[in-house]
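# Geometric and topological summary
Read off the chains here:
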Amino acid sequence: MIEELTSLSRSHLMENEPMEKHTTFKIGGPARWFLDAGCEEDVERALSIAKTHGLPAIVIGRGSNLLVADRGLDALVIEIGNGMSQIHVDGCSVTAQAGARLSVLSQEAARHGLSGLEFAAGIPGGVGGGTAMNAGAYGGQMSDVLTGARAIEDGRIVKIPAQDMELGYRQSRILKRNGVVLSASFALTPDDPARITERMQELNRRRREKQPLSFPSAGSVFKRPEGYFAGALIEGAGLKGCRIGDAMVSPLHAGFIVNVGHATAEDVRSLIEHIQNTVYQKDGVRLETEVRMLGF
Ligand SMILES: Cc1cc2nc3c(=O)[nH]c(=O)nc-3n(C[C@H](O)[C@H](O)[C@H](O)COP(=O)(O)OP(=O)(O)OC[C@H]3O[C@@H](n4cnc5c(N)ncnc54)[C@H](O)[C@@H]3O)c2cc1C
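No experiment lies behind these values; they were computed from the predicted model shown.

## Comments concerning the overall build of the protein
Helix and strand counts for the protein come out as nine helices and 19 strands. Against the compact-globule benchmark of 19 Å for 296 residues, the protein has a radius of gyration of 19 Å, which places it among compact chains. Taken along its principal axes, the extent of the C-alpha atoms in the protein is 50 × 50 × 30 Å. Within the protein, buried positions represent 45% of all 296 residues. Residue pairs in contact within the protein that sit at least 24 positions apart in sequence constitute 64% of those at least 6 positions apart.

## Section: the domain arrangement of the protein
Interface size is often expressed as the accessible area that is lost when the parts come together. Domain annotation for the protein reports domain 1 (2-82), domain 2 (85-208) and domain 3 (212-294). One C-alpha centre belongs to domain 1, the other to domain 3, and the line joining them spans 27 Å. In this assembly, 14 residues from domain 1 lie in contact with 14 residues from domain 3. Of the residues belonging to the side of domain 1 that touches domain 3, the class tally is eight nonpolar, four polar and two charged.

## Some points on the nonpolar core
Counting 86 residues, the largest nonpolar core has L67, I78, V181, I257 and V268 as its most contacted members. The leading source of residues in this core is helix α9 (residues 265-283), at six residues. V268 has contacts with I27, L67, A247, I257 and A263, leaving out every residue within four places of it along the chain.

## Things to note about the sheet that holds strand β12 (residues 156-161)
Strand pairs in the sheet, formed through backbone hydrogen bonds, run parallel or antiparallel to each other. The sheet built from five strands is open, its strands ordered β6-β7-β13-β11-β12 with antiparallel pairing. Of all the strands in the sheet, the pair left with one neighbour each is β6 (87-90) and β12. Shown here is a sheet whose adjacent strand axes are inclined to one another by a mean of 15°, direction ignored. Across four bridges, the pairing between β6 and strand β7 (residues 93-97) is antiparallel. Residue pairing in the sheet places D90 in a bridge with S93 of β7.

## Regarding the sheet that holds strand β18 (residues 256-259)
Read across the open sheet, the four strands follow the order β15-β18-β17-β16; overall the sheet is antiparallel. Both outer strands of the open sheet, β15 (217-220) and β16 (243-244), are each paired with one neighbouring strand and no more.

## Brief notes about helix α7 (residues 193-210)
With 18 residues, α7 should reach 26 Å at 1.5 Å per residue; the first-to-last C-alpha distance of 26 Å fits that figure. Along α7, the residues classified as buried are I196, M200 and L203. Along the axis of α7, the buried positions cluster into a sector of 65°, meaning they face one direction only. Seen from the open side of α7, the exposed residues pointing more than 90 degrees away from its buried face are A194, R205, R208 and E209. In this fold, the buried residues of α7 make contact with α3 (102-111) and β8 (114-115).

## Details of α9
With 19 residues, α9 ought to run about 27 Å at 1.5 Å a step, and its terminal C-alpha atoms sit 27 Å apart, in line with that. If you follow the buried residues of α9, they end up packed against β4 (66-68), α8 (230-236), β16, β17 (247-249) and β18. Within two residues after α9, G284 carries a phi angle of roughly 70°, on the positive side.

## Details of the environment of G130
Structurally, G130 is set in helix α4 (residues 127-133). Sequence-wise, G130 and Q141 are eleven residues apart; in three dimensions their C-alpha atoms are separated by 9.1 Å. Every residue in contact with G130, bar those within four places of it in the chain, is listed here: L102, A120, I123, G125, A135 and M142.

Definitions and limits used
Every chain begins its residue count from 1, and numbering advances along the sequence as written. Where local features are concerned, this predicted model is filtered to residues with pLDDT of at least 70; where side-chain atom pairs are given and counted, the filter is 80 or more; whole-chain, interface and lining totals use all residues. Numbering goes from the N terminus for both helices and strands, where a helix is a DSSP run of H or I of at least four residues and a strand is a run of E of at least two. Radius of gyration: C-alpha atoms only; globule rule: 2.2 Å multiplied by the number of residues to the exponent 0.38. Three classes are used. A residue is buried when 20 or more other C-beta atoms lie within 10 Å of its own, exposed when 12 or fewer do, and partly exposed in between, with C-beta atoms placed from the backbone. Our contact criterion uses C-beta atoms placed from the backbone: two residues qualify when those atoms are within 7 Å. Throughout the structure description, domain borders are defined by an automatic or database domain assignment. Residues are sorted three ways: Asp, Glu, Lys and Arg are charged, Ala, Val, Leu, Ile, Met, Phe, Trp, Tyr, Cys and Pro are nonpolar, and all the rest, Gly among them, are polar. In this description, a nonpolar core means buried residues of the types Ala, Val, Leu, Ile, Met, Phe, Trp, Tyr and Cys, linked to one another by C-beta atoms lying within 7 Å. We treat two strands as partners when DSSP finds at least two bridges between them. Here the axes come from fitting lines to C-alpha atoms, over the contacting stretch only for helices, and the angles between their N-to-C directions go from 0 to 180 degrees. An expected span of 1.5 Å times one less than the residue number is assigned to each helix. It is the directions from the helix axis to the C-beta atoms that the arc portrays.

Structure below.
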């Protein structure tokens, strides 16, 4: 299997690669095998090799919505990042490979005078993760502008139009079926580049003001419960600043857990459980994690 994976000429295979290097939380034990993917064919082939050898495969993007267990992942982790990050603009249509950063995509759209992706300017994920999660902020979400994706499903490359993507709140057919986004296309609207950039800067300013961006985190830990805001419930339960080990509920934004030193995944997991139990006892609301937990 190792020989087959190392023969993927445009990708790079690593053994026992610390996942803390690949998550914005800066937490996570080693991935038994880690492939930095360089092209679509390598992703397809790597998935097939892993399947043949009975090894679980996990595809990640920029690692900005992940909590990886301290004991690591006995799996092949396929990272779709810089090696697959091309962006192609054609009129009002933009197609980006899954590894392109959402921030770069929105800047590129702005440079071409294309509006619609301003909301994504400050989301630290990639196009693949953003599409799979239907990422959103400040009233916008991927489903507003997505026209379709190229993906791998059941070992085959397929084109999925947006209406078949089953995009919901932080949900998609990709997550449900364990598919892999290779690229995604967006329909945008012409506008003045300076005005688009201004809007992106304003949203990023609001983000810097409200979010604890100087500490490692995975963004909002919990999904927004129907009729409530997770951050407000957590703050209302007196949990701002609550700490287990080096994992702390951000005093700035209670929806974030921040790594204030050398937090372990177990610190974060215990804090998540403590928050869920406390909020449930106080308000009867069950908080569901938005952060994807791997290896627990
Ligand atoms: C400071 C901060 C602020 C944030 N703000 C926001 C925000 O405003 N709005 C928001 O929605 N999110 C936000 N997030 C969370 C995160 O950035 C998004 O969920 C983002 O879309 C995740 O993309 P990623 O590439 O990092 O995915 P990862 O974290 O690597 O993966 C997330 C999930 O997507 C899957 N996945 C990744 N790539 C692919 C692919 N190519 N094909 C199939 N599945 C894939 C993974 O298996 C995993 O289940 C924030 C995070 C941080 C740290």
